[in-house]
Structure formats: C-alpha cells, structure tokens
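One letter stands for each residue in the lines below.
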Amino acid sequence: MAEQITVAPQGVYAEIDTRLAIDTLRTLQTGSPAQITAAMDAIKAAPERYAPPVFYVLSHVLFDRGDRDDAAFWFYAGQLRARFDANRCADVSARQAVAVLNQTYGKPINQYTFKNIPKLEALIPRVVDWDRKTPHRYDHRWINLHGMGAMISGTGSPKQPPSLSLPADQWAPIAEKTRADYLEGFRQAMAQMKSRE
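Everything numeric in this text was worked out from a predicted model, so none of it was measured. (Residues numbered from 1 in each chain as written. Predicted model: local features only at pLDDT ≥ 70, side-chain atom pairs only at ≥ 80, totals over all residues. Heavy atoms only, no water.)

1. So, the nonpolar core
Defined as follows: To qualify as a nonpolar core, a set must consist of buried Ala, Val, Leu, Ile, Met, Phe, Trp, Tyr and Cys residues joined through side-chain atoms within 4.5 Å. Here the term buried applies to any residue with accessible area under 20% of the maximum for its type, exposed to any over 50%, and partly exposed to those in between, with areas from a 1.4 Å probe on protein chains only. Segments assigned H or I by DSSP are reported as helices when at least four residues long, segments assigned E as strands when at least two residues long, and all are numbered from the N terminus. By the convention used here, residues are in contact when the closest approach between their heavy atoms is within 4.5 Å.
L28, W74, Y76, W142 and I143 are the most contacted members of the largest nonpolar core, which totals 48 residues. When contributions to this core are tallied by element, the ones reaching two or more residues are helix 1 (19-30), helix 2 (33-45), helix 3 (52-64), helix 4 (68-87), helix 5 (96-113), helix 6 (117-133) and helix 8 (171-196). Counting residues per element, this core draws most heavily on helix 4, at ten residues. Beyond its immediate chain neighbours, meaning those up to four positions away, I143 contacts A82, D85, A86, C89, A94, R95, A97 and V98.

Written as structure tokens, this is what we have:
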C-alpha cells in the first residue's frame, strides 16, 4: 500500500485564500440537509465570492436532489470559470485541475444535457452571459495549489515563482478569449452531434 504524503504549500502559496471554498465544500459534502440548503442558498445569492470547485460540487448536490437543469447550469458555470482561472495561471502544470474537476463531476451532467440538445443550446450562451456579468471576487489563485510550483514550495525549496498569475492587464482579454473558445468548442460539439443524427 502506498503511503500518502501531505505537503503544505509554503511562501506565497500559503497566502492563497481558499477558506470560504473549503468550508463550503465541506458543508456541501458532509453537512446536515439544513446546512447544505443554507450553503446552496448562500452560493446562489453571491456566486462571485466562490471559487469554481464550489460550483462543481453544488452541481453534484443539485443533480442528486433531482434539480438537473440547475445542476447543469452550475456545472458549466464552474467549468467556464475554472478555464479562465487556468488560462491566467502562470503555472501551466496547475491547469490540469480543470480536467480533474470535469472528470470527477461531468459525466452525469453531460449525459443528461446531451439528451436534450435544444435545452443545452439555450443553456451554454446563458452561462457565458452570466460569467461576463458576474464579478470574480474570490482568490483566483486557488488553481495554483494544484500545480508543481505549490508542491515544490511544500518541500522547503526557497525558490519563489516570479508570479502566480499572468499580468492583470491581460485578464480581460483572456476572459473574453476563454468565453469565445468555450462557445466555439460547444458549437463544434453540437455540429458533430447533429451530423451523426
């Protein structure tokens, strides 16, 4: 049996604020029904405060409760936001976190949504519009904790990265490109599906 070793991020990585996300994820996964409902209400009331992994888990909870359309919205909202955070992350190795989240939570959502293409075609542009209008008031560097830089920092290496993120003046163009690429990827997937019908 392999031994599991936990490495605590050090230096600038230790400053990344994931407290709200971690507390909310814990509540969604292990809280009482009342606590889970309260957490869900809090997320929906102020989604700008929550890092994308929270939306993935929210979608899972909603899906299990039978609210599948709402679950789909939050899954794709989380996916789009996570891609933006990945695209502005300076540590390319951290970007794999998006694929892990998609693999962990995506299958039931995708199976559900791809059975109703007209509904999905209306949903994705709505998600993109929501993302454009909803601020990002969480620590977008959460994704850096999933990269090699954070792992190396936890081994006591004194070397600090020059920056965890690409320059802030690039974020708006990166956000728009991420949205455009997301929509285009969706359109291509729809075209492929329709060509098989």
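2. A short note on helix 5
Basically, it comes down to this: A helix is expected to span 1.5 Å for every residue after the first.
Relative to the 26 Å expected for 18 residues at 1.5 Å per residue, helix 5 spans 24 Å between its end C-alpha atoms, a close match to the ideal helical length. Taken together, the buried positions of helix 5 are occupied by A97, V98, L101, N102, Y105, G106, I109 and T113. The inward-facing, buried residues of helix 5 abut helix 1, helix 3, helix 4 and helix 6.

3. Regarding helix 3
Given a rise of 1.5 Å per residue, 13 residues ought to cover 18 Å, and the 19 Å separating the end C-alpha atoms of helix 3 matches this to within 8%. For helix 3, a buried count of eleven out of 13 residues is recorded, marking the element as mostly surrounded by other parts of the structure. Taken together, the buried positions of helix 3 are occupied by P52, P53, V54, F55, Y56, V57, L58, S59, V61, L62 and F63. For helix 3, the elements touching its buried residues are helix 1, helix 2, helix 4, helix 5 and helix 6. Two residues or fewer past helix 3, G66 is found with a positive phi of approximately 95°.

4. Quick notes on the packing of aromatic side chains
Basically, it comes down to this: Working definition: rings of Phe, Tyr and Trp (its six-membered ring) pair if their centres are within 6.5 Å, and the pair is stacked with planes under 30 degrees apart, edge-to-face with planes over 60 apart, and tilted otherwise. Note on criteria: charge over ring means Lys NZ or Arg CZ within 6 Å of the ring centre, with the direction from the centre no more than 35 degrees off the ring normal.
Taken as a whole and assessed by the stated rule, the structure comprises nine aromatic pairs. With 5.1 Å between their ring centres and 45° between their planes, F55 and W74 make a pair best called tilted. Residue F55 is found in helix 3, and its partner W74 is found in helix 4; the two are separated by 19 residues along the sequence. Comparing F55 with W74, the two get one shared label, buried. Relative to Y76, the ring of F75 has its centre 5.1 Å away and its plane inclined at 75°; by these criteria the two rings are edge-to-face. Judged by its relative accessible area of 4%, Y76 falls in the buried class. Among the aromatic residues, ring-to-ring pairing joins F55, F73, W74 and W130 into one connected group. Residue placement shows R68 over the ring face of F63; its charged tip is 4.2 Å from the ring centre. Just above the ring of W171 sits the side chain of R88; from NZ or CZ to the centre is 4.8 Å.

5. Points about the side chain of N102
Stated precisely, the cut-off is as follows: Distance and chemistry together define a polar contact, namely a pair of N or O atoms within 3.5 Å, with one atom able to donate a hydrogen and the other to accept it when in protein, and with adjacent residues in sequence counting only for side-chain atoms on both sides.
Residue position: N102 is located in helix 5. Engagement of the side chain of N102 in a polar contact is seen with the side chain of Y56, the distance being 2.8 Å. Apart from the residues within four sequence positions on either side, N102 is in contact with Y56, F75, Q79 and K107.

6. What to know about the packing of helix 1 against helix 3
In a packed pair of helices, the relevant descriptors are the angle between the two axes and the axis-to-axis distance. Worth spelling out the cut-off: For helices, the fitted axis covers only the stretch in contact; all axes are lines through C-alpha atoms, and the angles between them, taken along N-to-C directions, range from 0 to 180 degrees. For classification, angles of less than 35 degrees are called roughly parallel, those exceeding 145 degrees roughly antiparallel, those between 65 and 115 degrees roughly perpendicular, and all remaining angles oblique. The classification used treats Ala, Val, Leu, Ile, Met, Phe, Trp, Tyr, Cys and Pro as nonpolar, Asp, Glu, Lys and Arg as charged, and all other residues, Gly among them, as polar.
Direction vectors running N to C along helix 1 and helix 3 enclose 10°, while the axes themselves pass 10 Å from each other. Classified by the angle their axes make, helix 1 and helix 3 are roughly parallel. In contact with A21, T24, L25, L28 and Q29 of helix 1, helix 3 contributes P53, V54, V57, L58 and V61. A breakdown of the residues in the contact of helix 1 with helix 3 according to their chemical character gives eight nonpolar, two polar and no charged.

7. Description of the packing of helix 3 against helix 5
Note the threshold: By convention the crossing between two helices is left-handed if the near helix lies anticlockwise of the far one by an angle smaller than a right angle, and right-handed if it lies clockwise.
Look at helix 3 against helix 5: their axes get within 10 Å of each other, and the N-to-C directions meet at 30°. Taken together, the axes of helix 3 and helix 5 are roughly parallel relative to one another. Every pair of crossing elements has a handedness; the one defined by helix 3 and helix 5 is left-handed. Where helix 3 approaches helix 5, its residues P53, Y56, V57, S59, H60 and F63 are matched on the opposing element by V98, L101, N102, Y105, P108, I109 and Y112. Residues that form the contact of helix 3 with helix 5 fall into these classes: ten nonpolar, three polar and no charged.

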